[in-house]
Amino acid sequence: RFGFRLLNRELGLPQAALQQLLRGMSKCRPRREMPRLRSPEVQRLVSRCLNIGRVTLARFFILARNLLARVMDELMPLQLDGRSGLLADSTTLHSQILFSYPEVTVVLRTRKNAPNGAKIVRRCSCGSARDPLCTCCIFREQTRDITDPRQCIWPFSRSQATSWFKALCSALGLQNLGWR
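Draft legend 1. A look at the overall build of the chain. The secondary structure content of the chain amounts to 7 helices and 3 strands. Ordering the α and β elements of the chain from the N terminus gives α-α-α-α-α-β-β-β-α-α. Restricting to contacts in the chain with at least 6 residues of sequence separation, those with at least 24 account for 49%.

What follows is the structure in structure tokens.
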């Protein structure tokens, strides 16, 4: 397209056909490998967070793994009750966390591949003894002191979470990891 524009020539392809062709060609490019956090690495990150007194960050990593959430789009802006005081069709709602023992449900207004919203349900994994990785219990602890249900449940910003994540990965010798 650029070449034809530069030469001041007509392309000769309908715009819709050209867009379809370009979309198809983009799938043929080699994809860059994005290293993923696996359970052992998450366990090391959580242990390190607990050792340095960052309990909330440890909860953040556990929930990211247990919910299989997209960290920046789904986990970071989580709200206890984003519907509180809003109209039903409001777009400021991000999420809602519903507790009904023995499970917790995270309701997201939108999610990738689910534009009409999604529900993520996790059952309590505590048996007779408390499980430190239980999603339900972690959500209860994290949301216990929230006064405004529309506020984000995390007391840190995206940039703080990212810089702490990179610093922890570096300290643990984990290379080239991202939120994916």
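Draft legend 2. Highlighting the packing of aromatic side chains. The final tally for this structure, using the stated rule, is 6 aromatic pairs. Where Phe-60 meets Trp-154, the ring centres are 5.0 Å apart and the plane angle is 90°; that geometry is what we call edge-to-face. Note that Phe-60 is positioned in helix H4 (residues 55–67) and Trp-154 in the loop between helix H6 (135–143) and helix H7 (158–172), a separation of 94 residues in sequence. Phe-60 gets classed as buried once you look at its relative accessible area, which sits at 0%. Since its relative accessible area comes to 4%, Trp-154 is described here as buried. Considering the side-chain rings of Phe-61 and Phe-165, the 5.9 Å spacing of their centres and the 55° angle between planes classify their relative orientation as tilted. Here Phe-165 lies in helix H7 and Phe-61 lies in helix H4, a separation of 104 residues in the sequence. Classification of Phe-165 as buried rests on a relative accessible area of 2%. Positioned above the aromatic ring of Trp-164 is the side chain of Arg-54, whose terminal nitrogen or guanidinium carbon lies 4.2 Å from the ring centre.

Draft legend 3. Quick look at the sheet that holds strand S2 (residues 103–108). Here we have 3 strands laid out as an open sheet, ordered S1-S2-S3, and antiparallel in their pairing. Each having just a single partner strand, strand S1 (95–100) and strand S3 (118–123) make up the two edges of the open sheet. Adjacent strand axes in the sheet meet at a mean angle of 15°, parallel and antiparallel pairs treated alike. Sheet topology note: the S2/S3 ladder contains 6 bridges and is antiparallel. When the sheet's bridge partners are listed, Val-104 is paired in S3 with Arg-122. Running over the sheet, H6 touches S1, S2 and S3 and is turned about 115° from S1.

Draft legend 4. Structural view of the environment of Glu-41. Relative to the assigned elements, Glu-41 resides in helix H3 (residues 39–51). When the C-alpha atoms of Glu-41 and Leu-172 are compared, they prove to be 8.9 Å apart, with 131 residues separating the residues in sequence.

About the cut-offs
Residues numbered from 1 in each chain as written. Predicted model: local features only at pLDDT ≥ 70, side-chain atom pairs only at ≥ 80, totals over all residues. Heavy atoms only, no water. Helix = DSSP H or I, 4+ residues; strand = E, 2+ residues; numbered from the N terminus. Contact = heavy atoms within 4.5 Å. Phe/Tyr/Trp six-rings, centres within 6.5 Å; stacked < 30°, edge-to-face > 60°. Buried < 20%, exposed > 50% of the residue type's maximum accessible area, 1.4 Å probe, protein only. Lys NZ or Arg CZ within 6 Å of the ring centre and 35° of its normal. Pairing = 2+ DSSP bridges. Axes fitted to C-alpha atoms, helices over the stretch in contact; angles between N-to-C directions.

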